[in-house]
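Chain by chain, the residues:
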Number of protein chains: 2
Amino acid sequence: MTDAPRPRVVIVGAGFAGIACAARLARQPVDVVLIDRRNHHLFQPLLYQVATAALAPADVATPIRHMLRHAENVTVFWDEVTGIDRTGQAVLTGTRRVAYDYLVLATGARHSYFGRDDWAEHAPGLKSLEDAFLLRHRVLGAFERAEMETDPAAREALLEFVIVGAGPTGVELAGAVAELSRRSLTRDFRRVTPACARIRLVEAGPRILPAFDPRLAAVAAENLADMGVELQTDTRVTEIGAGRVRLGETELRAETVIWAAGVQASPAGRWLGVETDRAGRVAVDEALRVPGEGRIFVVGDTAAHRPGGAERPLPGVAPVAKQMGAHAARVIAAAVAGAAPPAPFRYRDWGAMATIGRNKAVAEIGGLRLTGFAAWLLWSAAHVAFLEGMKNRISVGLSWAWSYLTWERGARLIIGSGEAPAREG
Amino acid sequence: MTDAPRPRVVIVGAGFAGIACAARLARQPVDVVLIDRRNHHLFQPLLYQVATAALAPADVATPIRHMLRHAENVTVFWDEVTGIDRTGQAVLTGTRRVAYDYLVLATGARHSYFGRDDWAEHAPGLKSLEDAFLLRHRVLGAFERAEMETDPAAREALLEFVIVGAGPTGVELAGAVAELSRRSLTRDFRRVTPACARIRLVEAGPRILPAFDPRLAAVAAENLADMGVELQTDTRVTEIGAGRVRLGETELRAETVIWAAGVQASPAGRWLGVETDRAGRVAVDEALRVPGEGRIFVVGDTAAHRPGGAERPLPGVAPVAKQMGAHAARVIAAAVAGAAPPAPFRYRDWGAMATIGRNKAVAEIGGLRLTGFAAWLLWSAAHVAFLEGMKNRISVGLSWAWSYLTWERGARLIIGSGEAPAREG
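Note that the structure is predicted; figures quoted are calculated from it, not measured.

On to the environment of Pro344 of chain A, then. Residue and element names in this part refer to chain A. Summarising the element assignment, Pro344 is placed in the loop between helix H10 (318–337) and strand S22 (351–357). A residue is classified by how much of its surface remains accessible, and Pro344, at 45% relative accessible area, is partly exposed. Spatially, the C-alpha atoms of Pro344 and Leu288 are 8.7 Å apart, while their sequence positions differ by 56 residues. The contacts of Pro344, once residues within four sequence positions are left out, are Glu286 and His327.

This is the structure in structure tokens:
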């Protein structure tokens, strides 16, 4: 297209970090190739609402190439990366080599079962749309199966929901399942009473929402209790099997166990052949580069950035990922332009929020702490504002308004396996 | 619940016929059990819009038990029927027997490949939400793969779409794929030009829309041609394989082949052990009963009703199914009440409609024939009106308004396999 070949930047992963990086390189004199194994960017903060049937998948996901349609120097490849040839400066997929001058790895994280991968089958986690479908299938399917079950003990196990891990995702899931059972489903069943479902939120640490101010966490705990969620802190999951879970020494029959406890970074570190920390993250320097590699950046959940040598790296949340992606783009743009490198990466922490249910949320913004309706309104407004695309904003706003007025959940479809539950039971 | 045991009506299938039957039995002195292997009722007339990324799955599907939440005498089972014990008067699923006093079979139809079931893998059809996801995956995936393909012939094959069968579904799919390629995707690709895609609509008969007035079909054919769809009538598909299709004697490389040609009724006839016609349908009497069986009804696409001994049975369309379901309910209600049976079933034909694209449709209503914008407006209004639930009506109306203004398609997600195309290619 142009005369001289322009430097090529390959970005792997179109999460918050990868998209931020590509968007910021849009008007720079570089060619960008963005590779992702999905065709869509996912707004993960609302994924739990897809899993609990409040939102449809299209509400929280946007085709990557549509997001970048105005970025003429960005080419999007729907492909799965399998490795990196550092010597040859190329990214490898199953069928092709994609050469790079600069490489940005933004490949995110998956759940971690702390070495017990056999638990994954019985206690799925929530990272992708497929995960959300599976969880929705399990949760709604449990009520469906209970409706047909004649054995009281088996029915009780079907109405037992255990959520492992009380970070924001676990708290939001527990609150959503509680509302689903206590409000949305009440009229729809004849033989079971969905409101009798037991919802347990299990946390190994001493309190829920460990990253939040203790006072806010206490309010959230109270809110959850009001909604009928049973909190079990200082409780370790010691075993998970088909239809059962062991909490400490107590064995429990529970057909639905959801994992929200740990994450493991993507295999980017393995591709690079560099050391990673226990969670699989790659240590990066102040410019977010792999140490000793001037042209390879790692950003988002896969990066372990310890500002000023801090003990804990920055957390794997959307704002960190976005800022990292943008920073890597700035460093590359400066290098290409022959300009001085930007100042070291510094995370601007605007705060944190978690929602528990209708009119109930907690938020820390700057020094400000909010709870209840004010926090919930802020949470709702912020999430609609940060969504990608006006259509999704309207659609999510409409779905929420509808649910708010009717308590209905508009997306209660069980899709995918196409199986009726009898085959499972 | 009540004193004397009330007659139990078991309905199998929650399509248009089954739902209409259950809804009409809602206030009758019977207990109704409605069994379906899905948890949702599907508004099939708009399914092609899910396949072509204009609508989200939740827009055209509604949880069955939610639709019938006010029908207190209706219990919904999410289960798969495997057979019928006529002597014992029970429906069999994998794990249970459901006894009936009256049985209504409304189990619909699947595609038929006229004995070439091996074509199914290469030329999927469109009956369920899973089918729609698969088609969406194939259609959007073809453009994605073309973007990465370097071999010109392979790229051309990726941009070749063949739709087999020019009934309403085939026509609507062809029009939608044409709009997708010529309008919605134009800005999103860098290496391929989606508008160069070839879309062929292949029909074995002499013209498209054989059930419509020839003048309307001619207008529809002209509309399709204007949109860039190539019509091949009098053309028989003689072979379909991976990435290729043979039309008559001509072999064609085409990565995307969609089957809209034939249907085959559900196995209801086999369950009953009665004879069926060539399409697998069960002949029914004027009360929609299996001849010689006073208490077993077959309705919808699985029934072959020949009013007045007509040569062709009533077509497998939504209005026929709805009216049949309601009629079976009336016959049962009369029998339970000890009243005189209603008059023989008579289908009221209100007409037919098919849409081709934006501002383009054909409709026959009563003696009236409409084309162009008027028909399209009528088609849109009727489909929104017939949708289940106010939320879906708002959501579909919003999606259509958005697409109308922007040409965008809001539901361009590839979900399910989670695979990048490299694995396929």
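This part takes up the sheet that holds S22 of chain A. Residues and elements named next belong to chain A. Taking strand neighbours across the sheet as the criterion, the three strands line up as S22-S23-S24 in an open arrangement whose pairing is antiparallel. Unpaired on one side and paired on the other, S22 and strand S24 (368–371) mark the two borders of the sheet. Between one strand axis and the next, the sheet turns by 5 degrees as a mean value, whatever way the strands run. Pairing geometry for strand S23 (residues 360–365) and S24, over four bridges, is antiparallel. Bridge assignment links Ile365 to a residue of S24, and that residue is Leu368. Across the sheet, helix H11 (residues 372–386) touches S22, S23 and S24, and the angle it forms with S23 is around 75 degrees.

Across chain A, the average pLDDT comes to 92, with 96% of residues at or above 70. The model gives residues 417–425 of chain A a pLDDT under 50, and that stretch makes 22 contacts with residues more than four places away or in other chains.

This part is about the pairing of strand S14 (residues 237–241) of chain B. Of all five residues making up S14 of chain B, four are buried, and the element is well covered by its neighbours. Adjacent in sequence and paired antiparallel, S14 of chain B and strand S15 (residues 244–247) of chain B are bridged by two residues, among which Gly243 of chain B carries a positive phi angle near 75 degrees.

What follows covers the sheet that holds strand S5 (residues 74–78) of chain A. Residues and elements named next belong to chain A. Strand order in the open sheet made by the five strands is S5-S2-S1-S9-S20, with parallel pairing throughout. Each edge of the open sheet is held by one strand with a lone partner, namely S5 and strand S20 (296–298). Taking the axes of each pair of neighbouring strands and ignoring which way they run, one obtains an average angle of 15 degrees across the sheet. Relative to strand S9 (residues 102–105), strand S1 (residues 8–12) runs parallel, the two being bridged by four bridges.

Each partner contributes to the interface: chain A provides 62 residues, whereas chain B provides 63 residues. Between chain A and chain B, a total of about 5900 Å² is buried, with carbon and sulfur atoms accounting for 59% of that surface. When the buried surface of chain A facing chain B is broken down by residue, Arg65, Trp78 and Arg190 of chain A rank first, second and third, together holding 15% of it. As a salt-bridge pair, Glu147 of chain A and Arg65 of chain B come within 3.9 Å of each other at their nearest N and O atoms.

A few words on unusual backbone geometry. Located in the positive-phi region is Leu209 of chain A, a residue other than glycine, with phi close to 45 degrees. Here Leu209 of chain A is to be found in the loop between strand S12 (198–202) and helix H8 (214–226). Take Leu209 of chain A: its relative accessible area is 1%, and that puts it in the buried class. Despite not being glycine, Phe114 of chain B has its phi angle at roughly 50 degrees, a positive value. Looking at the secondary structure, you find Phe114 of chain B in the loop between strand S10 (109–111) and helix H5 (129–148).

Note on the copies: chain A fits chain B at an RMSD of 0.0 Å, the axial shift is 0.0 Å, and the rotation between them is 180 degrees. These values place the two chain copies in the arrangement generated by a two-fold rotation axis. The share of interface residues of chain A whose copies in chain B are also at the interface is 100%, consistent with both copies meeting through the same surface.

This part covers the packing of aromatic side chains. To describe a pair of aromatic rings, you give the distance between the ring centres and the angle between the ring planes. Residue and element names in this part refer to chain A. The full count for this structure, using the stated rule, is 19 aromatic pairs over all chains. Geometrically, the ring pair formed by Trp119 and Trp259 is edge-to-face, given 5.8 Å between the ring centres and 65 degrees between the ring planes. Residue Trp119 is found in the loop between strand S10 (109–111) and helix H5 (129–148), and its partner Trp259 is found in strand S17 (residues 256–259); the two are separated by 140 residues along the sequence. We note that Trp119, like Trp259, is buried. Chaining the aromatic ring pairs together yields one cluster made of Tyr113, Phe114, Trp119 and Trp259.

All names here are of chain B. The buried fraction of strand S11 (residues 160–164) amounts to five of the five residues, a majority that puts the element mostly inside the structure. Alternating positions in S11 separate into two faces, Glu160, Val162 and Val164 on one and Phe161 and Ile163 on the other, with burial throughout. Strand direction decides the pairing type here: S11 and strand S12 (residues 198–202), joined by five bridges, are parallel. Bridge pairing in S12 links Val162 to Arg200. Crossover S11 to S12 through helix H7 (residues 168–184) is right-handed.

If you look at the biggest cluster of nonpolar residues, it comprises 124 residues, and the most contacted ones within it are Leu68, Leu105 and Ile208 of chain A. Leu68 of chain A has contacts with Ile19, Ala22, Ala23, Leu34, Val74 and Val76 of chain A together with Arg190 of chain B, leaving out every residue within four places of it along the chain.

With that settled, consider the pattern of salt bridges. Any two side chains of opposite charge can pair, on the condition that their charged atoms come close. Under the criterion given, the structure shown has 42 salt bridges over all chains. We note a salt bridge from Asp277 of chain A to Arg281 of chain A, for which the minimum N-O separation is 3.1 Å. Put simply, Arg65 of chain A together with Glu144 and Glu147 of chain B are held in one network by salt bridges that share partners.

Before going further, it helps to examine the packing of helix H11 (residues 372–386) of chain B against helix H12 (residues 390–406) of chain B. Packed helix pairs are characterised by how far apart their axes lie and by the angle those axes make with each other. Residues and elements named next belong to chain B. For the pair H11 and H12, the least separation of the axes is 9 Å and the interaxial angle reads 150 degrees. It follows from the interaxial angle that H11 and H12 lie roughly antiparallel. Contacts from Phe373, Trp376, Trp379, Ser380, His383, Val384 and Ala385 of H11 reach H12 at Arg393, Val396, Trp400 and Tyr404. Across the contact of H11 with H12, the residue classes tally to eight nonpolar, two polar and one charged.

Parameters and conventions
- Residues numbered from 1 in each chain as written.
- Chains lettered and ligands numbered in written order.
- Predicted model: local features only at pLDDT ≥ 70, side-chain atom pairs only at ≥ 80, totals over all residues.
- Heavy atoms only, no water.
- Helix = DSSP H or I, 4+ residues; strand = E, 2+ residues; numbered from the N terminus.
- Buried < 20%, exposed > 50% of the residue type's maximum accessible area, 1.4 Å probe, protein only.
- Contact = heavy atoms within 4.5 Å.
- Pairing = 2+ DSSP bridges.
- Axes fitted to C-alpha atoms, helices over the stretch in contact; angles between N-to-C directions.
- pLDDT = per-residue confidence, 0-100.
- Buried area = accessible area lost by both parts, 1.4 Å probe.
- Salt bridge = Lys/Arg side-chain N within 4 Å of Asp/Glu carboxyl O.
- Least-squares fit on C-alpha atoms with pLDDT ≥ 70 in both.
- Phe/Tyr/Trp six-rings, centres within 6.5 Å; stacked < 30°, edge-to-face > 60°.
- Right-handed = clockwise from strand over helix to strand, strands pointing away.
- Core = buried A, V, L, I, M, F, W, Y, C linked by side-chain atoms within 4.5 Å.
- Parallel < 35°, antiparallel > 145°, perpendicular 65-115°, else oblique.
- Nonpolar A, V, L, I, M, F, W, Y, C, P; charged D, E, K, R; others polar.

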